[in-house]
Structure formats: C-alpha cells, structure tokens
Amino acid sequence: MAKTNTTELLEALAAEIGENVYIDIAKWHLYLSNAKLHTVVAEQLYPLITSDAVNEDQVLQVLGSIPIKIGGGRSELPLSDLLPLQCQVTLVDILEKYQREI
C-alpha cells in the first residue's frame, strides 16, 4: 500500500469499510457506503491505526460513540448496536491490515 498521503489513505480505508461492513436491520444488509457512513467511520477509526492501537475493544468503543439516527431522527442507536458480530470482526481485520501497511 505505502500511501503517505493521509487523504488518500482515509479514502481507501473508507472505501474498503463501505464495501465490506454493513448494518443489519431485520435481515436487510445496508452497507456503510450506501448509508453514507463509511467516511465518518474511517475518520473516527483512523487515530487507532496511526497510534498502533487497533484492537476489538477500542474499535467497539469508537463504534459505540457514533450515533445513528433512526425513525426520521426520533431515536438514536450507537453504530455498534447495528453491526452484526461478523462485520465487527471484518472491520477489525481491515483496520489491522491498514495498521500493518502504513
């Protein structure tokens, strides 16, 4: 990878997250790119990569701090509550890959 430009790295990270991680609602899979959340997630998780602190607990803590409005904004849930376990594992794997490669 060897991307030195932070913007390029964030864009690549966001794209990979958006294509591989989804919200599961009533067995419907809404990929983060379609939900327009991939960039926000990448930006929030990027500091974990640069500080060499990617682990499941840290990732879940960040996901828990990202509020997702539902029902036209009448309610909010943390993103961590909407991602199935497999997507959380996939996300950690993606972040670990980027951490190794930068």
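Look up a bit, the structure's there.
The present account deals with the structure reproduced in this document.

So, how was this worked out
- Residues numbered from 1 in each chain as written.
- Predicted model: local features only at pLDDT ≥ 70, side-chain atom pairs only at ≥ 80, totals over all residues.
- Heavy atoms only, no water.
- Helix = DSSP H or I, 4+ residues; strand = E, 2+ residues; numbered from the N terminus.
- Buried < 20%, exposed > 50% of the residue type's maximum accessible area, 1.4 Å probe, protein only.
- Contact = heavy atoms within 4.5 Å.
- Core = buried A, V, L, I, M, F, W, Y, C linked by side-chain atoms within 4.5 Å.
- Salt bridge = Lys/Arg side-chain N within 4 Å of Asp/Glu carboxyl O.
- Axes fitted to C-alpha atoms, helices over the stretch in contact; angles between N-to-C directions.
- Parallel < 35°, antiparallel > 145°, perpendicular 65-115°, else oblique.
- Left-handed = near helix turned anticlockwise from the far one by under 90°.
- Expected span 1.5 Å × (residues − 1).

## Let's talk about the environment of L30
Assignment of secondary structure puts L30 in strand β2 (residues 28-31). With a relative accessible area of 37%, L30 lands in the partly exposed category. In this structure, the C-alpha to C-alpha distance between L30 and E96, residues 66 residues apart in sequence, is 23 Å. Each residue touching L30, except ones within four places of it in the same chain, is listed here: Y22, I23 and A35.

## Considering the nonpolar core
I17, L32, V59 and L79 are the most contacted members of the largest nonpolar core, which totals 31 residues. Sequence-distant contacts of L79, that is, excluding residues within four places in its chain, are made with I23, L32, L37, V41, L63, I66 and I68.

## Some thoughts on the pattern of salt bridges
Taken as a whole and assessed by the stated rule, the structure comprises 2 salt bridges. Put simply, E16 and K97 hold a salt bridge, and the shortest N to O gap is 2.9 Å. Of this pair, E16 sits in helix α1 (residues 6-20) while K97 is found in helix α4 (residues 85-101), placing the two residues 81 residues apart along the sequence. A relative accessible area of 25% places K97 in the partly exposed class. Close ionic contact of E76 with K69 constitutes a salt bridge, the shortest N to O distance being 3.0 Å.

## Concerning the packing of α1 against helix α2 (residues 38-50)
Running from amino to carboxyl end, α1 crosses α2 at an angle of 120 degrees, the nearest separation of the two axes being 9 Å. The pairing of α1 with α2 is recorded here as oblique in orientation. Here α1 runs over α2; the crossing is right-handed. Between α1, through T6, L9, L10, L13, A14, A15, I17 and G18, and α2, the contact on the second element is made entirely by H38, T39, V41, A42, E43, Y46 and I49.

## Points about the environment of E43
Among the secondary structure elements, E43 is positioned in helix α2. Remark: the alpha-carbon pair of E43 and D93, spanning 50 residues in sequence, is separated by 17 Å.

## Some points on α4
Along an α-helix, residues three or four apart share an orientation, since each turn contains 3.6 residues. Its 17 residues place the ends of α4 25 Å apart at the C-alpha level, agreeing with the 24 Å of an ideal helix rising 1.5 Å per residue. All of the buried residues in α4 are C87, Q88, T90, L91, V92, I94, L95, Y98 and Q99. Check the buried side of α4 and you find it contacts α1, β1 (22-25), α2 and α3 (56-64).

Spatial relationships are all this shows, so hold off on functional conclusions.
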